[in-house]
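One-letter residues, chain by chain:
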Amino acid sequence: ISGYDEKNHEIEYNFSESDKVYTYAMEHGKNARGHTLVWHKHEPKKVLDKYIEDSLGCTLDEYKEKHPDEFFEKRKELTKDFLESYMKKMGEQYPNCYCWDVLNEIVPELEKYPPQEGAPTEEERKDGLRHSMWYEYLGEEFYIDVLEIARKNLPEDTKLFYNEFGEQHPEKRQA
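On a predicted model such as this, the values are computed, not experimentally measured, just so you know.

Draft legend 1. Region of the structure containing the overall build of the protein. Helices and strands together make up the secondary structure of the protein, namely eight helices and five strands. The principal-axis extent of the C-alpha atoms belonging to the protein is close to 50 × 50 × 25 Å. Looking at the 175 residues of the protein, the share that counts as buried comes to 42%. Taking all contacts inside the protein whose residues are at least 6 apart in sequence as the whole, residues at least 24 apart take part in 69%. Within the structure as shown, the protein displays about 10600 Å² of accessible surface, and the carbon and sulfur contribution to it stands at 46%. Put simply, the protein has 25 plus and 40 minus side-chain charges, and the middle of one group is 3 Å from the middle of the other.

Encoded structure:
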């Protein structure tokens, strides 16, 4: 995702580098694994917000002020729409990826304690989930929504994976 074209009401993509890898794999009979669709380190918040605001016809703050009771659900609905469009595009662009890492690193580094950089917040410690933009926009069970959207929008036989690091830490495995 490289931006959002407000004039044409569409997400902009730049596939130049990933196309090279994919083309090489296909030309050399290799399997291609897509990595990663939803990751806290690559959150397209500005693009997503523009997409949502374009759909609403006003800023998020204006909508929240006018419709406080339905703000979260509307933002959630439009975030799902955004993810559906994005994942469908990825599946079309790379139809021969045999699998995708759909979710990446949604469990925070629970072994880290404050005041260490990167330590999880108290809320993250309680529920064992990284409170990323996806958590904020989709809610506590965002990972279920994301996996369901991937299943619906990627090619039928694509294997879906959750990718995580640090499983050697008992706290992380438990979460």
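Draft legend 2. How the structure looks around the side chain of Thr79. With respect to the secondary-structure elements, Thr79 resides in helix H4 (residues 71–93). Polar contacts involving the side chain of Thr79 include one to the main-chain carbonyl oxygen of Arg75, which spans 2.7 Å.

Draft legend 3. The pattern of salt bridges, seen in detail. Under the definition given, this model contains nine salt bridges. Residues Arg75 and Glu136 are paired through a salt bridge, measuring 3.6 Å at the closest nitrogen-oxygen approach. Note that Arg75 is positioned in helix H4 and Glu136 in helix H6 (residues 133–138), a separation of 61 residues in sequence. On the accessibility criterion, Arg75 (10% relative accessible area) is buried. Note that Lys172 and Glu164 form a salt bridge whose closest N and O atoms lie 3.0 Å from each other. On the basis of relative accessible area, Lys172 is assigned to the buried category, the value being 5%. Since its relative accessible area comes to 15%, Glu164 is described here as buried. When salt bridges with common partners are traced through the structure, they connect Lys76, Lys80 and Asp145 into a single cluster.

Draft legend 4. Looking closely at the packing of aromatic side chains. Inspection of the entire model under this criterion finds seven aromatic pairs. Measuring from centroid to centroid gives 5.7 Å for Phe15 and Tyr94, while their planes differ by 80°, and the two rings are edge-to-face. Of the two residues, Phe15 sits in the loop between strand S2 (10–12) and helix H1 (16–27) while Tyr94 sits in the loop between H4 and strand S4 (97–104), which places them 79 residues apart along the sequence. The class of Phe15 is buried, set by a relative accessible area of 12%. A ring pair is formed by Tyr135 and Phe142, whose centres lie 6.2 Å apart and whose planes are at 70°; its orientation type is edge-to-face.

Draft legend 5. Geometry of the pairing of S4. Extensive coverage of S4 is indicated by the burial of seven of its eight residues. Bridge count for S4 against strand S5 (residues 159–163) is five bridges, and the pairing is parallel. Looking at the pairing, Asp101 lines up with Phe161 of S5.

Reading guide: rules and limits
In every chain, residue numbers begin from 1 and rise along the written sequence. Residues qualify for local features only when their pLDDT is at least 70, as the model is predicted, and side-chain atom pairs are given and counted only at 80 or more; totals for whole chains, interfaces and linings, by contrast, use all residues. Side-chain numbers come from the whole structure's heavy atoms, not from hydrogens or water. Segments assigned H or I by DSSP are reported as helices when at least four residues long, segments assigned E as strands when at least two residues long, and all are numbered from the N terminus. Remark: exposure states derive from per-residue accessible area (1.4 Å probe, protein chains only) relative to the maximum for the residue type, with buried under 20%, exposed over 50%, and partly exposed in between. Here a residue-residue contact requires only that any non-hydrogen atoms of the pair lie within 4.5 Å. Each accessible area is a Shrake-Rupley result for a 1.4 Å probe, and residues are judged covered by the shown protein chains and nothing else. Charge assignment: positive for Lys and Arg, negative for Asp and Glu; neither His nor the chain ends contribute. In plain terms, the charge of a residue is placed at NZ if it is Lys, CZ if Arg, CG if Asp and CD if Glu. For this analysis, a polar contact is any N or O atom pair within 3.5 Å, provided that within protein one partner can donate a hydrogen and the other can accept it, and provided that sequence-adjacent residues contribute only side-chain to side-chain pairs. For salt bridges, the criterion is a side-chain nitrogen of Lys or Arg within 4 Å of an Asp or Glu carboxyl oxygen. Any two rings among Phe, Tyr and Trp, with Trp reduced to its six-membered ring, count as a pair given centres within 6.5 Å; such a pair is stacked if its planes are under 30 degrees apart, edge-to-face if over 60, and tilted if neither. We call two strands paired when DSSP finds no fewer than two bridges between them.

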